[in-house]
Amino acid sequence: VDDEMNAILVQQLPRGARLTAIFDSCHSATALDLPFIYDCNGQPKQQKYSRKTAGKDLLESGLSLMTGNMFDKLSGAKQAYSTLSALGNEGNAQDITAQTRSTQADAIMFSGCKDYQTSADTNVSGYGATGAASYAFINAVRTGGNLTFAELLAKMRDTLYGKYEQKIQMSTGFPTDMNIPFVF
């Protein structure tokens, strides 16, 4: 699904267009497959294949190989090969993603959580029922003044810190200075 959303929502945008997307949904860090991910100091984070995900994938593959029918065994073998290949190409992951997912448009995405996390619901006085990340975004924009992208991300994360396990993510379609003001 993320490949299709990138192709439809991001890759079709012309140079100079701007897309600011907010995904307050579970497992959403790579919802648009944008290649450049930033920390709350505005610094790019190196993408890597999660060892936890790799271990889980290999365990599931092994179980399919041992207990499934012929189709399950083939699927398990394919999944194991894909996982091992991803681990072997980990050093090239950022370059491959940048080459295949970079944009000419100004595409920026805030996601409610990392890919392995869930995005919580909340009910806040004055806001009503909403997602925790949506609340954090609205609250930061309303109360933060002229925030940079990095400050906006930090303020959003601070709003959720200690209350929710999810960690809001920020990514872009091309290398971007996160110390410039956030504007709609």
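Coordinates for the structure precede this section.
Residues numbered from 1 in each chain as written. Predicted model: local features only at pLDDT ≥ 70, side-chain atom pairs only at ≥ 80, totals over all residues. Heavy atoms only, no water.

Attention now goes to the packing of aromatic side chains. Remark: the centre distance and the inter-plane angle together describe each pair of aromatic rings, the angle taken between the planes. According to the stated counting rule, one finds five aromatic pairs in the structure shown. Here F110 and F137 contribute two aromatic rings whose centre-to-centre distance is 6.0 Å and whose plane-to-plane angle is 50 degrees, an arrangement assigned as tilted. Residue F110 is located in strand β4 (residues 106-111), and its partner F137 is located in helix α5 (residues 132-143); the two are separated by 27 residues in the primary sequence. A single burial state applies to F110 and to F137, both of which are buried. (Phe/Tyr/Trp six-rings, centres within 6.5 Å; stacked < 30°, edge-to-face > 60°. Helix = DSSP H or I, 4+ residues; strand = E, 2+ residues; numbered from the N terminus. Buried < 20%, exposed > 50% of the residue type's maximum accessible area, 1.4 Å probe, protein only.)

The next point concerns the sheet that holds β4. On the basis of which strands lie adjacent, the open sheet formed by five strands has the order β1-β4-β7-β2-β3 and mixed pairing. Strand pairing shows two members of the sheet lacking a second neighbour, β1 (18-23) and β3 (44-45), which therefore form its edges. (Pairing = 2+ DSSP bridges.)

Now for the pattern of salt bridges. On inspection of all chains with the given rule, the structure shows one salt bridge. Linking R18 and D106 is a salt bridge whose minimum nitrogen-to-oxygen distance equals 3.2 Å. Of this pair, R18 sits in strand β1 while D106 sits in strand β4, and the two are 88 residues apart along the sequence. Using a relative accessible area of 32% as the deciding quantity, one classes R18 as partly exposed. (Salt bridge = Lys/Arg side-chain N within 4 Å of Asp/Glu carboxyl O.)

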